[in-house]
Amino acid sequence: MRRTYWAAGSAVLLALLFAVAATVAAASGGRTAGAGAARTPALYSPDAGFARDMAVHHQQAVEMSFLVRDRTQDEAVRSLAYDIANTQANQRGMLLGWLDLWGLPKVLAGEPPMSWMAPGKDAPADGSHGGHAADGVTAKPGALMPGMATKEEIAALGAAQGRDAEVLFLQLMTDHHKGGVAMARGCAVQCATPAERTLAQGMVEAQQSELTLMADMLRARGAAPRG
C-alpha cells in the first residue's frame, strides 16, 4: 500500500503541476486574444459548462475530505483527504478564475448539470439543453451530478467515527472520482481551450491513481467500493 500511496501522491503532485502550467497557458492566451490567437468560450460551450460543473463537483469533494479528517486518526486516510482537499480546492479556484476571465457567470439558472456533454454542444438557438450522461456514469437519485453524494450520505459521513467514517469516505470518494473522471474525459475531448484540456487530462490521471489507492485502502479494512 505504501507503493500505491506514493504513486497516488505523485499523481497529485503532477495534477498540481498541470494546474500551474494551465494557469500560465490561460494567462498567455488571454494576452494574445486580441490578435486572434484565442477565442473566448461561449456561454453554453463545453469549456464554460465543465468549469461550472466541475467547480461544484470539486466543492463537495473538499467538504467530504474535511469531514473525514476530523472523524478518524488514521494517518493514511487523513493524508489522502488532505491531498484531495488541497488539489481540488486549487483546481476549483482555477476553474472559477477562468469563468471570470471569460466574463461568464459561475452559476447559470436553468442549465441542467452536464448539459455541455451533449455532442456538438454550444449556445443553443432554442434554449434547449442536451443530455447528462458521462461514459455511462449517471447521477443517483438525490445527487446533483454523477458521483456526487446525496445530502443523506453527507449527513451519514458527518455522524460516523473511526473505521466507519473511513470506509464510508472511501466509498463515497470512489463514486465521486468515477463521476469526476468521466466529466474530465469529456472536457479533454470537447473543450476548445488548450489549458483547460490539459487540466482535465491531469484530473483524469490523478483521480484514476487515487481510485486504485482507495480500492486498496478499502480492502485493507475488509470493505469494497459500492456497486
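Placed above this text is the structure.
Summary of the structure given here. Predicted model, so just to flag it, every value in this text is computed and none were measured.

1. Things to note about the state of the cysteines
Phase 1: According to the stated counting rule, one finds one disulfide in the structure shown.
Phase 2: In this model C187 forms its disulfide with C191; the gap between the sulfur atoms is 2.2 Å. Taking the torsion about the S-S bond as the criterion, the C187 to C191 disulfide, at about -120°, is left-handed. The pair formed by C187 and C191 is uniform in burial state, with each residue classed as buried.

2. Describing the packing of aromatic side chains
Phase 1: Enumeration over the complete set of coordinates arrives at two aromatic pairs.
Phase 2: A centroid spacing of 6.3 Å and a plane angle of 20° characterise the contact between W98 and W102, whose relative ring orientation is stacked. In this pair, W98 and W102 both sit in helix α3 (residues 75–102), four residues apart, roughly one turn of the helix. With respect to class, W98 is no different from W102; both count as buried.

3. Quick look at the nonpolar core
Phase 1: Core analysis: the largest hydrophobic core is formed by 28 residues, its most contacted members being F50 and L95.
Phase 2: Those elements that provide at least two residues to this core are α2 (46–69), α3, α5 (162–190) and α6 (194–220).
Phase 3: The dominant element in this core, judged by the number of residues it contributes, is α3, at six residues.
Phase 4: Once you skip the residues sitting within four places of it in the chain, F50 turns out to touch A55, L95, W116, M183, A184, C187, C191, E196, A200 and M203.

4. Focus: the pattern of salt bridges
Phase 1: Taken as a whole and judged by the stated rule, the model has 10 salt bridges.
Phase 2: The residue K106 makes a salt bridge to D100 at a minimum N-O spacing of 2.6 Å.
Phase 3: Residue K106 is classed as partly exposed on the basis of its relative accessible area, which comes to 37%.
Phase 4: The shortest N-O distance in the salt bridge between R226 and D175 comes to 2.8 Å. You can see R226 sitting in the segment after α6 and its partner D175 sitting in helix α5, a full 51 residues away along the chain.
Phase 5: In this structure R226 comes out as partly exposed when scored by relative accessible area, which is 29%.

5. Some thoughts on α3
Phase 1: The end-to-end C-alpha separation of α3 is 40 Å, in line with the 40 Å expected for 28 residues at 1.5 Å each.
Phase 2: Measuring from the side-chain oxygen of the N-cap residue of α3 to the backbone nitrogen of A76 gives 3.1 Å; that N-cap residue is D74.
Phase 3: One or two positions beyond α3, positive phi appears at G103, with a value near 70°.

6. Focus: α6
Phase 1: Under the 1.5 Å per step criterion, the end-to-end length of α6 is 40 Å for 27 residues, consistent within 8% with the ideal 39 Å.
Phase 2: Phi turns positive, to about 70°, at G222, one or two residues after α6.

7. Quick notes on the environment of A223
Phase 1: Along the chain, the position of A223 falls in the segment after α6.
Phase 2: Along the sequence, A223 and L170 sit 53 residues apart, while their C-alpha atoms lie 9.6 Å from each other.

8. Quick look at the packing of α2 against α6
Phase 1: For the pair α2 and α6, the least separation of the axes is 11 Å and the interaxial angle reads 35°. Considering how the two elements wind past one another, α2 and α6 form a crossing that is left-handed. Contacts between α2 and α6 involve D47, F50, A51, M54 and H58 on the former and, on the latter, E196, A200, M203 and Q207.

9. Here we look at the packing of α5 against α6
Phase 1: Look at α5 against α6: their axes get within 8 Å of each other, and the N-to-C directions meet at 155°. Our classification of the angle between α5 and α6 gives roughly antiparallel. The crossing of α5 and α6 is left-handed.
Phase 2: For the contact of α5 with α6, the residue count by class is 14 nonpolar, seven polar and five charged.

Criteria and cut-off values
- Residues numbered from 1 in each chain as written.
- Predicted model: local features only at pLDDT ≥ 70, side-chain atom pairs only at ≥ 80, totals over all residues.
- Heavy atoms only, no water.
- Disulfide = S-S within 2.5 Å.
- Buried < 20%, exposed > 50% of the residue type's maximum accessible area, 1.4 Å probe, protein only.
- Phe/Tyr/Trp six-rings, centres within 6.5 Å; stacked < 30°, edge-to-face > 60°.
- Helix = DSSP H or I, 4+ residues; strand = E, 2+ residues; numbered from the N terminus.
- Core = buried A, V, L, I, M, F, W, Y, C linked by side-chain atoms within 4.5 Å.
- Contact = heavy atoms within 4.5 Å.
- Salt bridge = Lys/Arg side-chain N within 4 Å of Asp/Glu carboxyl O.
- Expected span 1.5 Å × (residues − 1).
- Polar contact = N/O pair within 3.5 Å; in protein donor to acceptor, adjacent residues only side chain to side chain.
- Axes fitted to C-alpha atoms, helices over the stretch in contact; angles between N-to-C directions.
- Left-handed = near helix turned anticlockwise from the far one by under 90°.
- Parallel < 35°, antiparallel > 145°, perpendicular 65-115°, else oblique.
- Nonpolar A, V, L, I, M, F, W, Y, C, P; charged D, E, K, R; others polar.

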